[in-house]
Amino acid sequence: MTASRSARERKAAVEAGPLGRVRIDVGADQQFVYKISCAECTAKGDKPWSAYRPGADNGYLAAMDRWTFHLHENHRGTDAPCLAYLPEAQQRLHERREQQDPPSGPS
Ligand SMILES: [Zn+2]
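Residues numbered from 1 in each chain as written. Predicted model: local features only at pLDDT ≥ 70, side-chain atom pairs only at ≥ 80, totals over all residues.

K.L.:
Would you mind going over the environment of Leu71 with me for this structure?
P.N.:
Within the fold, Leu71 resides in helix α2 (residues 57-74). Separated by 11 residues in sequence, Leu71 and Cys82 place their C-alpha atoms 9.3 Å apart. Among residues more than four places away in sequence, those in contact with Leu71 are Gly17, Leu19, Thr78, Ala80 and Leu83. (Helix = DSSP H or I, 4+ residues; strand = E, 2+ residues; numbered from the N terminus. Contact = placed C-beta atoms within 7 Å.)

Written out as structure tokens, the structure is:
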């Protein structure tokens, strides 16, 4: 479990690029919780901007999609591997909106 978690963390950190700080926590029910925060941006209250999503593969995709949009909107010109998946991320966002999923908590 731990090795798999740190391997996922490293992989996600590579995908997120130089501005992304990736952390994977393991929740009470043993599921992964993905957190990607921005090295440059701060949200309200001086906390770093971050995307936080529970769930193994779904959580990874959801957090990485949000991060990809963040880079695209706020850090044009940044080179990160995840930006290669921007069209797919936009497609997933579109599908999620059509399903009317409520957002999971404040961001
Ligand atoms: Zn940022």
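K.L.:
Whenever I open this one, α2 confuses me. Can you help?
P.N.:
Residues three or four positions apart in an α-helix share a direction because the helix packs 3.6 residues into each turn. Look at α2: 25 Å from first C-alpha to last across 18 residues, which is about the 26 Å you get at 1.5 Å a residue. Considered for burial, the residues of α2 that qualify are Gly59, Tyr60, Ala62, Ala63, Met64, Asp65, Arg66, Trp67, Thr68, His70 and Leu71. (Expected span 1.5 Å × (residues − 1). Buried ≥ 20, exposed ≤ 12 C-beta atoms within 10 Å, placed from the backbone.)

K.L.:
Sorry, what's going on with the environment of Lys47 here?
P.N.:
Positionally, Lys47 belongs in the loop between β2 (32-42) and β3 (48-54). A residue is classified by how many C-beta atoms lie within 10 Å of it, and Lys47, with 9 of them, is exposed. Separated by 10 residues in sequence, Lys47 and Ser37 have C-alpha atoms that sit 9.5 Å apart.

K.L.:
Sorry, what's going on with helix α3 (residues 86-99) here?
P.N.:
Relative to the 20 Å expected for 14 residues at 1.5 Å per residue, α3 spans 20 Å between its end C-alpha atoms, a close match to the ideal helical length. In terms of burial, α3 is a largely surface element, 1 of the 14 residues being buried.

K.L.:
When you look at the pairing of β3 in this model, what are you seeing that I'm missing?
P.N.:
Relative to β3, β2 is paired through 6 bridges, and the arrangement is antiparallel. Counted as the bridge partner of Tyr34 is Arg53 from β3. Count of turn residues in the β2/β3 antiparallel hairpin: 5 residues, of which Gly45 carries a positive phi of about 75 degrees. (Pairing = 2+ DSSP bridges.)

K.L.:
Can you walk me through the sheet that holds β2 in this structure?
P.N.:
Paired through their backbone hydrogen bonds, the strands of a sheet run either parallel or antiparallel. If you trace the 3 strands from one edge of the open sheet to the other, you get β1-β2-β3, paired in antiparallel fashion. Among the strands making up the open sheet, the edge pair consists of β1 (20-26) and β3. The mean angle between the axes of side-by-side strands here comes to 20 degrees, regardless of whether they run parallel or antiparallel. The pairing of β1 with β2 spans 7 bridges and is antiparallel. By the bridge assignment for β2, Val22 is matched with Ile36. Here α2 sits on the sheet in contact with β1, β2 and β3, set at roughly 10 degrees to β2. (Axes fitted to C-alpha atoms, helices over the stretch in contact; angles between N-to-C directions.)

K.L.:
What is the right way to look at the packing of α2 against α3 in this model?
P.N.:
Helix-helix packing is characterised by the crossing angle of the two axes and by the distance between the axes. Following both chains from N to C, one finds α2 and α3 inclined at 115 degrees, their axes separated by 10 Å at the closest point. Of the two elements, α2 crosses α3, and the hand of that crossing is left-handed. Judged by residue contacts, Leu61, Asp65, Thr68, Phe69 and His72 of α2 engage Leu86, Ala89, Arg92 and Leu93 from α3. When the residues that make up the contact of α2 with α3 are grouped by side-chain class, the tally is 5 nonpolar, 2 polar and 2 charged. (Left-handed = near helix turned anticlockwise from the far one by under 90°. Nonpolar A, V, L, I, M, F, W, Y, C, P; charged D, E, K, R; others polar.)

K.L.:
Would you mind showing me how to read the nonpolar core here?
P.N.:
Side chains of a nonpolar character, in soluble globular proteins, are inclined to be buried together. One finds Ala12, Ala16, Tyr34, Ile36, Ala63, Met64 and Trp67 to be the most contacted residues of the largest nonpolar core, which totals 15 residues. When contributions to this core are tallied by element, the ones reaching two or more residues are α1 (2-16), β1, β2 and α2. The element best represented in this core is α2, accounting for 6 residues. In contact with Met64, other than residues within four places in its own chain, are Ala12, Glu15, Ile36 and Cys82. (Core = buried A, V, L, I, M, F, W, Y, C linked by C-beta atoms within 7 Å.)

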